[in-house]
Structures are given as structure tokens and as C-alpha cells.
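This is what each chain is made of:
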Amino acid sequence: MKHLRLSILTLLAFSAIASAQVVPPAVKTAEASVDPEKIRAHVKFLADDLLEGRGPGTRGGELAAQYIATQFALYGLKPAGDNGTYLQQVNFVGTKTLGDKTHFSLVPDKPKDGGMHIMLHSYDLKYGDDYTVNNRKLTEVADIHAPIVFVGYGVIAPEFGWNDYAGIDVKGKVVLCIVGDPPSDDPKFFGGKALTYYGRWTYKFEEAARQGAIGALIIHRTDLASYGWEVVKNSNTSEKTYLRDNKDPQLEAASWITLDTAKQLFQAANMDLDAEMTAAGKKGFKAVPLPVSLDAHIEAKVRSFQSPNVVAMLPGANVAAKKPDQAVMYTAHYDHLGMVPGMAGDNIYNGAADNATGVGMLLEMARAWSTLKTSPPHSVIFASVAAEEQGLLGSEYLGQHPPVPPAQIALDINYDMILPVGTPLETSVNGAQRTTFYPTVQATAKRFHLAIVPDAHPEAGGYYRSDHFSLSRVGIPAFSVEQGELFEGHDRAWGEAKGKDFVDHDYHNFSDNYHADWDFAGNAELVRFGMELGWEAISAQKIIQWLPGDEFEAARKASQK
């Protein structure tokens with residue numbers, strides 16, 4: 001069976017190589033027109049204080065959307081939003097936890113055997129410093145007094161024979177779980193060192209709600225989350241956004257707690273945190289009811305609003321011929337974290353690298369594609385999506401309401417947070433290797449003198465943290481184009497240091513600002529690379545598929561029925 005699978009993959013690879021098309025001069029000319037200074041101009045505007053951090057449903061977010069739509073109009077692209085416009089309106093609900101009116105306390109249960117716990121009195125937590133919380137049921141007030149159950153990693157993964165909820169009823173209770181996947185060195189077991197979706201905080205909250213829990217506490221650890229507590233705090237104490245019409249079960253308390261808080265909690269239960277986390281990483285772990293309850297009062301300001309995805313299309317020749325499409329879609333999110341009103345000093349999350357860079361690249365991509373004198377064989381779609389920072393919500397809606405059916409989208413290529421620090425000699429296209437398109441990606445990268453490197457930080461689960469994931473979930477082959485750590489004129493240590501410095505100091509922080517000395521040559525080169533990949537996708541002789549056995553294969557097949 002193993003040899004048969006290898007034979008199938010080999011045939012698919014040869015098929016993809018054979019179907020690769022010669023890139024015509026008109027496309028090469030369009031690629032050559034890509035201008036790094038045009039990308040710079042877009043980034044400089046989108047990251048300006050005028051746009052107030054581009055929060056969903058805010059004045060600054062609306063300005064960004066209108067700016068992007070105006071650029072699409074100037075390029076002569078067809079509107080692909082609602083009612084003949086470029087705007088695809090998404091209904092959201094925003095909720096801002098009122099930290100001064102919200103309280104969390106850990107309350108020890110009375111020992112049934114007359115014994116004593118280490119913590120004799122309730123332990124009050126400090127909002128922002130010890131925990132964050134959001135009420136996903138979107139009510140203004142929630143009151144909780146419920147026992148806490150430690151469910152390890154909070155994962156149900158039948159394909160790995162893993163169920164942290166086996167034998168425990170958590171209905172009406174609060175689950176406590178660890179961020180990340182169960183530890184593994186085996187790539188076939190929870191991805192080895194690479195994070196799977198089971199390790200993402202979004203999954204933890206979703207599964208807890210499906211199990212009937214009223215709340216969930218995720219234990220933060222920097223090494224497992226791949227970012228520090230400040231990122232959690234900044235991302236979760238501002239307004240959080242949710243799709244208004246989401247019918248899935250939801251938690252009243254979706255919370256993160258610090259590692260020190262978790263230690264205090266386990267001490268209250270007369271247990272050792274390190275020992276329990278070790279046990280939770282082994283098969284056969286059983287959930288542990290703790291002799292501690294969560295006493296919580298949560299107040300929030302709740303508002304309904306709309307915030308748009310901005311969508312445009314360059315129609316393909318197939319449209320005029322009234323034949324099915326095999327479009328390529330390019331995506332980049334335009335939102336960021338907004339601002340903190342009344343805060344002294346710099347109170348705006350400008351989001352220059354994250355993700356004004358991706359939007360600037362998308363816009364320059366759209367302009368270059370629009371210079372073609374004849375229609376491409378299939379359509380080219382450009383979508384700048386909202387509310388990515390809130391959990392990939394804009395792209396989730398786009399996946400549910402695409403401008404053409406998912407079966408008629410050959411490929412999505414996403415751009416997110418491309419640091420403008422020079423010309424890369426490497427690219428990461430994590431996820432492309434899971435598709436029949438990968439041999440074409442390899443050949444194209446070789447033409448661009450780009451070495452394809454694996455995800456430098458697979459433990460961060462980057463594939464599940466950007467908008468291509470939303471499109472993958474509906475079956476569309478999708479990945480992000482990223483740069484590696486080796487840049488022209490520098491050694492690898494220089495590139496590693498640049499990336500680390502941004503993550504340590506600027507990521508989801510007020511300091512992610514535009515810099516006049518930024519070098520956009522590399523961003524422009526990755527636009528050209530993406531254009532050529534797009535041409536290969538829309539001129540391919542066979543429809544791009546996920547490889548047999550991939551987690552998204554079933555969704556692709558379902559969309560094509």
C-alpha cells in the first residue's frame with residue numbers, strides 16, 4: 001500500500017509538471033511592471049495614524065476598505081462584492097470586556113473528607129495581568145460559578161486515538177487546558193514538531209463549547225504558544241469581533257490565564273502543575289476534576305456592526321464563453337487591532353508589517369494583472385478581508401460566500417506580514433506541498449532563484465493562523481507565500497535576528513509602524529512570484545487537488561459534486 005501511494009504521488013507530480021505552461025510575454029511584462037515604491041505608498045497610507053489601527057467596524061477600518069475599493073476601481077477591475085460593489089458586507093458583533101467591572105476568582109471547594117487544601121480562601125485574579133476573558137455568547141453580562149475540570153490539551157482527535165474528554169461530563173463546567181498539541185516527535189502523530197489545528201486556541205474554545213462547557217481557561221506558555229503574554233493581552237483586552245450569524249455552540253467565558261495563575265490553581269488543588277502537564281501529554285490521560293471552582297462576573301459592551309471584505313475580479317475568457325471557471329484568488333487581510341482611546345502616548349496599533357504589507361502587495365498585484373491587454377484563460381480574484389486578527393472571520397465568511405463556487409477556484413495565494421527588509425533568497429510556501437500543484441511551485445521558485453524552505457517555526461502553527469486556512473476548510477487549495485530567513489547581501493543570522501526582533505518587540509504591539517528605510521524590493525519580487533504561480537494555476541490542464549489523505553481532501557471532493 002505504501003508503494004502504491006508513492007506511485008500515485010509520483011504520477012500526480014509528473015502530471016503537474018507536464019501541465020505547466022510557458023509563461024507568455026504579456027504576463028512577464030505585467031510582472032516586470034511591479035513597482036516596490038507603489039507597494040511602499042500603499043503601506044505608508046494604510047499604516048498612518050489617520051486610519052487608527054484599522055479595527056473592524058471603526059472609522060479607520062472603513063477608510064481602509066474604501067481606499068482598497070478605490071484602487072480596484074482605478075485598475076478597472078470588476079466589482080465582486082454585494083450588489084455590484086466591491087464591498088462584501090459581513091455582519092459582526094463586537095464585544096469589549098469591561099475590565100474594571102469584570103472579576104475572576106478561584107474558589108476552593110470545601111473538602112469532603114474534612115481535610116484541607118493549600119488555598120484556604122478565594123484567589124482574585126487581575127484582568128489583563130493574570131487572565132483575559134471574552135463572552136462568546138455576546139451578552140452584556142454573564143455570571144459563572146462552576147467547577148473546573150483539567151482536560152489536558154482539550155483535544156478529540158480520532159485519527160490519533162486521542163480523546164481528552166473521554167469519561168468526563170463537562171456540561172455546565174469550566175475546562176482548563178494547555179495551549180498547543182500533545183508533544184510528539186513523529187510527523188504522523190499530531191504533526192510532530194509542527195502545530196496542528198488541534199493546538200490552536202480557536203480549536204480549544206470550539207471543542208469546549210461543543211462538549212457543553214460554560215467556560216474554558218487556556219494555560220499560556222510562551223514556548224508552546226510561540227508568543228508572549230503581552231500578545232495575548234493586547235489581542236484579547238481590546239474589542240473582540242465575532243460573526244453575528246454563527247450558530248455553533250459558544251462559551252460564556254473564553255479565557256486565557258498566565259502560567260503563574262495556572263500554578264496557583266493547581267496549588268489550590270494540592271497538585272503539581274509540571275507533573276500534570278507531563279501526564280496530559282501521554283496517551284491514556286484522564287481528565288481531572290479539580291477541587292476548585294471559577295467564580296466570575298463578566299461585563300461587556302456589545303455592538304452589532306458591518307465591516308466589509310473588499311473583492312474584485314479580472315474576468316477570465318471562460319466567463320465570456322460561459323464555461324466553468326478555475327480562478328486563482330489572492331488574499332490579504334487589511335484589519336488590525338485598532339486603538340486604545342484615552343491611553344497616554346502611542347495608543348494606535350498601526351499594523352504596518354501586519355498586514356499593510358500584504359495589502360500593499362495585493363494592490364500592486366491587482367494593478368499589474370489589470371495591465372494585461374487580453375483576458376486570462378480563467379478569472380483572477382482579489383480579496384482583502386476583514387477581521388483576520390479576530391480569528392480569520394472575514395476570510396471565513398468569504399469561504400462561505402465566494403464570488404464563484406469553491407469548486408471553481410483553483411488556488412488561493414495569501415500574503416500576510418512580509419517584513420520589508422530586502423530581497424529574499426528563500427521562500428516558504430507551507431501547505432503547497434500538500435497539493436498536486438507543488439511541483440509547479442517548485443519549478444516556478446527555481447526560475448525566481450528562490451530556495452523553498454520549510455516553515456522556520458512549525459511549532460507556531462502558522463498554516464492555521466492566516467486567511468488561507470479559511471479557504472482550505474471549504475476545500476480550496478490554499479497557502480501563503482512567505483519569505484525565508486536568508487536575504488541578499490546578508491547571512492542567515494541577520495535574517496533570523498530581523499524576524500525575532502519583530503516578533504519580540506513589534507508583533508501585535510503599538511510599535512508596528514511604517515519605517516522610511518524599509519526596503520520593498522523583496523515584497524515586489526514575491527508579488528511577481530505570486531503572479532507567475534497564479535498564471536500557472538489558471539492555465540493548468542488539470543484541476544488542482546489536495547493530495548490523497550490530506551485533511552482538506554474531503555472538503556474539495558464535496559465542493560466538486
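Relevant structure appears above.
Below: a short report on this structure. (Residues numbered from 1 in each chain as written. Predicted model: local features only at pLDDT ≥ 70, side-chain atom pairs only at ≥ 80, totals over all residues. Heavy atoms only, no water.)

### Things to note about the overall build of the protein
Within the protein, the secondary structure is distributed over 17 helices and 20 strands. Radius of gyration (C-alpha) of the protein: 24 Å, near the 24 Å computed for a compact globule of 561 residues. Its C-alpha atoms put the protein at 85 × 60 × 50 Å along the principal axes. Scored against the burial criterion, the 561 residues of the protein give a buried share of 55%. When contacts within the protein are restricted to residue pairs at least 6 apart in sequence, those whose partners lie at least 24 apart make up 83%. Approximately 22,800 Å² of the protein is accessible, and the part contributed by carbon and sulfur atoms is 55%. (Helix = DSSP H or I, 4+ residues; strand = E, 2+ residues; numbered from the N terminus. Rg over C-alpha atoms; globule rule 2.2 N^0.38 Å. Buried < 20%, exposed > 50% of the residue type's maximum accessible area, 1.4 Å probe, protein only. Contact = heavy atoms within 4.5 Å. Areas by Shrake-Rupley, 256 points an atom, 1.4 Å probe, with all protein chains shown as cover.)

### A word on the layout of surface pockets
Of the voids in this model, the second largest pocket is the one considered here, and its volume is about 1,100 Å³. Taken together, 38 residues form the lining of the second largest pocket, with Pro-187, Gly-191, Arg-434, Tyr-464 and Glu-551 sitting closest to its centre. Of the residues that constitute the lining of the second largest pocket, the class distribution is 20 nonpolar, 9 polar and 9 charged. (1 Å grid on protein atoms, 1.4 Å probe; cavity = no way out; pocket = protein on both sides within 12 Å on 5 of 7 lines; lining within 4 Å. Points joined across faces, edges and corners; volume = space filled by probe spheres on them. Nonpolar A, V, L, I, M, F, W, Y, C, P; charged D, E, K, R; others polar.)

### Topic: the sheet that holds strand 20 (residues 482–483)
Read across the open sheet, the 3 strands follow the order 18-17-20; overall the sheet is mixed. Single-partner strands in this sheet number two, and they are strand 18 (451–452) and strand 20. Pairing of strand 17 (residues 426–428) with strand 18 involves 2 bridges; the strand directions are parallel. What sits directly across from Thr-427, in strand 18, is Ile-452. (Pairing = 2+ DSSP bridges.)

### Remarks on the environment of Ala-300
Note on placement: Ala-300 falls in strand 13 (residues 288–314). Since its relative accessible area comes to 7%, Ala-300 is described here as buried. Taking C-alpha positions, Ala-300 is 6.5 Å from Val-141, a pair spaced 159 residues apart along the chain. Residues within four places of Ala-300 in sequence aside, it is in contact with Thr-95, Lys-96, Thr-97, Leu-98, Thr-139 and Glu-140.

### Focus on the pairing of strand 10 (residues 215–219)
Note on strand geometry: in a regular strand, side chains alternate between the two faces of the sheet. With respect to burial, strand 10 is a largely interior element, 5 of its 5 residues being buried. Burial along strand 10 is two-sided: Gly-215, Leu-217 and Ile-219 facing one way and Ala-216 and Ile-218 facing the other are all buried. In the sheet, strand 9 (residues 174–178) pairs with strand 10 via 5 bridges, with the strands oriented parallel. From the neighbouring strand, Val-175 faces strand 10, where its bridge partner is Ala-216. Running through helix 5 (residues 201–210), the crossover from strand 9 to the neighbouring parallel element strand 10 is right-handed. Here strand 10 runs beside strand 12 (residues 253–257); their pairing, made up of 5 bridges, is parallel. Within the sheet, the bridge partner assigned to Gly-215 lies in strand 12 and is Ala-253. (Right-handed = clockwise from strand over helix to strand, strands pointing away.)

### Digging into empty space enclosed by the protein
Summed over all chains, the structure comprises 2 cavities of 30 Å³ or more. When its volume is computed, the largest cavity comes out at roughly 60 Å³. When its residues are assigned to classes, the lining of the largest cavity shows 7 nonpolar, 3 polar and 3 charged. Counted as a void, the second largest cavity has a volume near 50 Å³.

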